Amino acid sequence: MAKAEAFQDLALTTPRRSQELWRWLYSEIRAAILDGRLKRGSRLPSERSLAKQYGLARGTVTAAFDQLRAEGYASSEIGSGTFVASGLPEDGMVARRVRRGPALPKSRAGLSARGRMMVDGVLLLPPSQSIGKAFRNYEPAIDLFPMNLWARIAGRVLRRAPRTLYAQGNAAGFEPLRRAIAEYLGAARGVKCDAGQVIVTSGAQQALDLTARLLLEPGDSAWVEDPCYPGAIFTLRAAGANIVPIPVDQEGLNLVAAPRAAGPVKLVYTTPANQFPLGVTLSLDRRLALLRTAVNAGAWIVEDEYDAEYRYFGRPVAALHSLDRSGSVIYIGTFTKMLFNALRLGFVVVPSRLVDAFVAARSFVDRHPPTLDQAILAEFILEGHFGHHVRCMRQIYGERMNALKEAADRHLKGAVDVVRAASGMRTIAWVKTPSSDIEIAERARSLGLDLTALSQFTIRYPQQPALILGFAGCTPAELRRGVSVLASVENR
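All right, on to the pattern of salt bridges then. On inspection of all chains with the given rule, the structure shows 20 salt bridges. One salt bridge in this structure joins Arg 136 and Asp 450, with 2.8 Å as the shortest N-O distance. Placement of the pair is Arg 136 in the loop between helix H4 (113-119) and helix H5 (147-160) and Asp 450 in the loop between helix H13 (437-446) and strand E13 (452-453), with a sequence separation of 314 residues. Note that Asp 209 is salt-bridged to Arg 213, the shortest N-O span being 2.7 Å. One end of the pair is Asp 209 and the other is Arg 213, both in helix H7 (residues 203-215) and four residues apart, which spans about a single turn. Judged by its relative accessible area of 37%, Arg 213 falls in the partly exposed class. Where salt bridges share partners, they join Glu 47, Arg 58, Asp 66 and Arg 69 into one cluster.

Below, the structure is given as structure tokens:
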């Protein structure tokens, strides 16, 4: 039988004052095994002798040996003692080196046609290195989100969560959250639906992707607003749709101007409450006309509402879905704009006849949305915090809009006309000089502003040059600084 290794040569470190002694001894012996100071198959000293050598309680050594055996670093033989294992846990975690194969020509495999459509022209948002930058239009007031409250709810949910909440989730989403969403939509947006029609998604973008892939055949005509949210265009194109731009005026989507040669429509994408990016509201007459067009054509309407709750003056406008009695409207919403960007949770409300298909497709994409995040959000809504936060932000965003408008009227008069937004988190600033909006936006970005040109969102029908200015995520001081920088750009 092999003799026990001499521990005098192992150079064990001194335990830290706060460190449990058994854990210290376990870590030291494990390290000695892994770096080869204790050879595989060698016998360890007896618990009694090791305790005497280091002045430890016998139970301390026993606890360390038990942990080594439990993790597979040591094994015991009755009457023979404890030995370093011949096979260590790390052995199965390190890939064996393989000899290089014969030289081969470079692979000619490439993207599919659909893959090329998915990546062609897509604008990737960079990860945020800061928040509250003027005039970022996709960011809410993250600095004002009640992080401590969210953390307390998260802690409570995690402490009380049954083990089933850590297991396989529901592809349609966490049932309490779906009920909370259905109740909120009915009260706030006039959307009549039950929890069974609500499918929780990873943000509005995934809801758009599921909708396009399930409802469109390659070559189908999809009518979109012009100008339009780019994420919708990219998604529809990736599904093989024939994109048909429809102009937008002060009453929203103008179906009268739809091209006659466009062919039968299969899907219409619209942002009726707060058109992106112009900010106009689709009039009642045009809403009714759009519903009639969809029914007559056997087409779907995709209603994308991302910040409709933020209305600063005028009467609130109910969702287009509230007028639909035909089951033609698919309603999409997101919590990203309402709470914070990192919360990748959205939803889609579908007619009952589509529920099974959407749930199956949702499962195919990534099985189910993250259950624990959904449970936290459900509590946040059901306890009334979501409604309270929206009401607070509506007031604060209105104040920030006023601060932007006042600063712009003072410093940009004659060069840029900033519209006082009726709703939403961004507004339009019409350029009054001969300068191109794209040129102004590029110069402004070089000076640290985060804004875009309206021209970047048009497809076929040109608009007057304009800039898109976000105000919700910026403090009044940052908005005034942004206006000052923008004024310097215009004066160049």
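The rest of the description comes next.
Let us now look at empty space enclosed by the protein. In total, this model carries two cavities of 30 Å³ or more according to the counting rule given. Here the largest cavity defines a volume of roughly 150 Å³. Those elements giving two or more residues to the lining of the largest cavity turn out to be helix H6 (175-188) and strand E9 (329-334). With four residues, the single largest contributor to the lining of the largest cavity is H6.

Take the packing of helix H2 (residues 47-54) against helix H3 (residues 58-70) next. Their axes nearest at 9 Å, the elements H2 and H3 cross at an angle of 125 degrees. Here H2 lies oblique to H3, going by the angle between them. For the element pair H2 and H3, the recorded crossing hand is right-handed. From H2, Glu 47, Arg 48, Leu 50 and Ala 51 reach across to H3, where they touch Arg 58, Val 61, Thr 62, Phe 65 and Arg 69. For the contact of H2 with H3, a count of residues per class yields four nonpolar, one polar and four charged.

With that out of the way, let us pick up the layout of surface pockets. Taken as a whole, the largest pocket encloses approximately 1600 Å³ of empty space. In this structure, the largest pocket is lined by 47 residues; those nearest its centre are Leu 123, Leu 124, Leu 125, Tyr 138 and Tyr 229. Among the secondary structure elements, those contributing two or more residues to the lining of the largest pocket are H4, H7 and helix H8 (230-238). Looking at the lining of the largest pocket, the element that brings in the most residues is H8, giving five residues. Its residues assigned to classes, the lining of the largest pocket shows 21 nonpolar, 13 polar and 13 charged.

Turning our attention to the confidence of the model for the protein chain. Here the protein chain shows a mean pLDDT of 90. Residues at 70 or above account for 95%. Across the protein chain, the secondary-structure element scoring lowest on mean pLDDT is H4, at 79, and the one scoring highest is strand E8 (residues 300-304), at 98.

Each value, and the rule that gives it
Residues numbered from 1 in each chain as written. Predicted model: local features only at pLDDT ≥ 70, side-chain atom pairs only at ≥ 80, totals over all residues. Heavy atoms only, no water. Salt bridge = Lys/Arg side-chain N within 4 Å of Asp/Glu carboxyl O. Helix = DSSP H or I, 4+ residues; strand = E, 2+ residues; numbered from the N terminus. Buried < 20%, exposed > 50% of the residue type's maximum accessible area, 1.4 Å probe, protein only. 1 Å grid on protein atoms, 1.4 Å probe; cavity = no way out; pocket = protein on both sides within 12 Å on 5 of 7 lines; lining within 4 Å. Points joined across faces, edges and corners; volume = space filled by probe spheres on them. Axes fitted to C-alpha atoms, helices over the stretch in contact; angles between N-to-C directions. Parallel < 35°, antiparallel > 145°, perpendicular 65-115°, else oblique. Left-handed = near helix turned anticlockwise from the far one by under 90°. Contact = heavy atoms within 4.5 Å. Nonpolar A, V, L, I, M, F, W, Y, C, P; charged D, E, K, R; others polar. pLDDT = per-residue confidence, 0-100.

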